[in-house]
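Observations on chain architecture
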Amino acid sequence: MKTVTKVWKDAAGAEATRSALIATALRLFGEKGYDATSTREIAAAARSNVGSIAYHFGGKPGLHRACGEAVAGIMHGVTGPALAVAADPASLSREAAKALFAALLRRVAQFMLASKEASLIVPFIMREMAHPGEAFDAIYGSLIEPVHTRLCAIWQAATGEAAEASETKLAVFAMIGQVVYFRIGAAAVSRRLGAAAYSPEDIEAIVSVVQRNIDARLNAYQGTPS
């Protein structure tokens, strides 16, 4: 009969294995793509046995979906605190909405440019966007659509433009796109800045540039929010 301590250790070990498989799969799927990455390769890199993938995820497709869910969870951890402030975007004043929108993009920018986790999830997301599948569906349904919808509502409070208008949706994607470019274009940007990689000062300068662009875009609207 297993002791409580043994049960706890087994559970902790199983969770550690599951987390290692997801982290490894995120990296390999992002680097090589889904089809070019084998379960044996993932298991070996995660220092596990190939049967553990079937045990924890039911197989490679399940692991792929779990990677998408993990990405959504990580990004919710980044955006959640700021979005929680805007439980009812319609109640925000114009200035409060502008400040919240800018603060959220600043938070995302700092994560994307400085976090080690971003180096795992960005290549994965880019591949999924290029070849949408079940993992992308998980990312879109639980992260992209709800977060973008909330941002559009905050944009409406800040500008008076209807949240579901195509112009608003595109404007919000454009703001997000600025942040994403500085991540995927890091090799080019850092080289033009005369460095091999972003320094903390470079990251702060990039965040400031994005911040000013967002402020300018929001300040261009002078009407009364609806």
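What counts and what doesn't
- The residue count restarts for each chain, going from 1 along the sequence in the order it is written.
- Confidence filtering applies because this is a predicted model: local features only for residues at pLDDT of at least 70, side-chain atom pairs given and counted only at 80 or more, and all residues used for totals across whole chains, interfaces and linings.
- Side-chain numbers here rest on the full set of heavy atoms in the structure, without hydrogens or water.
- A run of H or I in DSSP counts as a helix once it spans at least four residues, and a run of E counts as a strand once it spans at least two, with each numbered from the N terminus.
- For each residue, the accessible area found with a 1.4 Å probe, counting protein chains only, is set against the maximum for its type, and the residue is called buried under 20%, exposed over 50%, and partly exposed in between.
- Contact between two residues is taken to exist if any of their heavy atoms lie within 4.5 Å; hydrogens are not considered.
- For the area figures, the Shrake-Rupley method with a 1.4 Å probe applies, and any residue is considered shielded solely by the protein chains shown.
- Charge assignment in this entry is limited to Lys and Arg as positive and Asp and Glu as negative, and neither His nor the chain termini are counted.
- All charge positions are set by atom: Lys at NZ, Arg at CZ, Asp at CG, Glu at CD.
- A pairing counts as a salt bridge when a side-chain nitrogen of Lys or Arg comes within 4 Å of a carboxyl oxygen of Asp or Glu.
- Helix axes are fitted to C-alpha atoms over the stretch in contact, other axes to C-alpha atoms as well, and angles between N-to-C directions run from 0 to 180 degrees.
- For classification purposes, angles smaller than 35 degrees are called roughly parallel, those larger than 145 roughly antiparallel, those between 65 and 115 roughly perpendicular, and all remaining angles oblique.
- Each helix crossing is assigned a hand: it is left-handed if the near helix lies turned anticlockwise from the far helix by less than a right angle, otherwise right-handed if that turn is clockwise.
- Each Phe, Tyr or Trp ring (for Trp, its six-membered ring) is paired with any other whose centre lies within 6.5 Å, and the angle between the two planes then decides the class: stacked below 30 degrees, edge-to-face above 60, tilted in between.
- Should the NZ of a Lys or the CZ of an Arg lie within 6 Å of a ring centre and within 35 degrees of the ring normal, that charge is described as sitting over the ring.
- Expected span, for any helix, means 1.5 Å times one less than how many residues it has.
- Polar contact is defined as a pair of N or O atoms within 3.5 Å, subject to the rule that within protein one atom must be able to donate a hydrogen and the other to accept it, and that residues adjacent in sequence are counted only when both atoms are side-chain atoms.

**A look at the overall build of the protein chain**
Counting its regular elements, the protein chain contains 10 helices and 0 strands. The helix and strand sequence of the protein chain, counted from the amino end, reads α-α-α-α-α-α-α-α-α-α. Summarising its shape, the C-alpha atoms of the protein chain cover approximately 70 × 45 × 35 Å along the three principal directions. In the protein chain, buried positions account for 40% of the 226 residues. Taking the contacts inside the protein chain whose residues are at least 6 apart along the sequence as the reference set, 68% of them involve residues at least 24 apart. When the accessible surface of the protein chain is totalled, it reaches about 11900 Å², and 59% of it is carbon and sulfur. Here the protein chain contributes 23 positively and 20 negatively charged side chains, and the mean placements of these two sets differ by 7 Å.

**Overview of the pattern of salt bridges**
Scanning the model with the defined rule gives 7 salt bridges in all. R27 is the salt-bridge partner of E31, the closest N and O atoms lying 3.7 Å from each other. Of this pair, E31 and R27 both sit in helix α1 (residues 4–32), separated by 4 residues, roughly a single helical turn. A salt bridge links K169 to E164; the shortest N-O distance between them is 3.3 Å. Residue E164 is classed as exposed on the basis of its relative accessible area, which comes to 53%.

**Structural notes on the packing of helix α5 (residues 94–114) against helix α8 (residues 166–184)**
Closest axis-to-axis distance for the α5/α8 pair is 9 Å, and the angle between their directions is 25 degrees. Of the possible angle classes, the one that applies to α5 and α8 is roughly parallel. As for the relative orientation of α5 and α8, their crossing is right-handed in sense. Counting all contacts with α5, which are made through F101, L105, V108, A109, M112 and L113, the residues of α8 involved are V172, M175, I176, V179, V180, F182 and R183.

**Remarks on the packing of α5 against helix α7 (residues 134–159)**
Where α5 meets α7, the closest approach of the two axes is 7 Å, and the angle between their N-to-C directions is 140 degrees. By the angle class used here, α5 and α7 are oblique. Both α5 and α7 take part in a crossing whose hand is left-handed. From α5, R94, A97, K98, L100, F101 and L104 reach across to α7, where they touch L151, I154, W155, A157, A158 and T159.

**Section: the packing of aromatic side chains**
To describe a pair of aromatic rings, one takes the distance between the centres and the angle between the planes. Going through the model one piece at a time under the given rule, you end up with 4 aromatic pairs. Geometrically, the ring pair formed by F29 and Y34 is tilted, given 5.4 Å between the ring centres and 40 degrees between the ring planes. Geometrically, the ring pair formed by F101 and W155 is edge-to-face, given 5.4 Å between the ring centres and 65 degrees between the ring planes. A residue pair is termed long-range when its members are at least 10 positions apart, and F101 in helix α5 and W155 in helix α7 qualify at 54 residues. The class of W155 is buried, set by a relative accessible area of 0%. Lying over the aromatic face of Y34, K60 brings its terminal NZ or CZ to 4.3 Å of the ring centre.

**A word on helix α6 (residues 116–130)**
For the α-helix, the turn length of 3.6 residues means that residues three or four positions removed from each other point alike. Between its first and last C-alpha, α6 extends 23 Å over 15 residues, near the 21 Å set by a 1.5 Å rise per residue. Of all the positions in α6, only A118, I121, V122, F124, I125 and E128 are classed as buried. Put simply, S115 is the residue that caps the front of α6, since its side-chain oxygen is 3.1 Å from the backbone nitrogen of E117.

**Remarks on the side chain of Q211**
Here Q211 shows up in helix α10 (residues 200–219). Judged by relative accessible area, which is 17%, Q211 ranks as buried. For Q211, the residues in contact, after removing those within four places along its chain, are A102 and R106.

Honestly, that's just the spatial picture; any functional story needs more than this.
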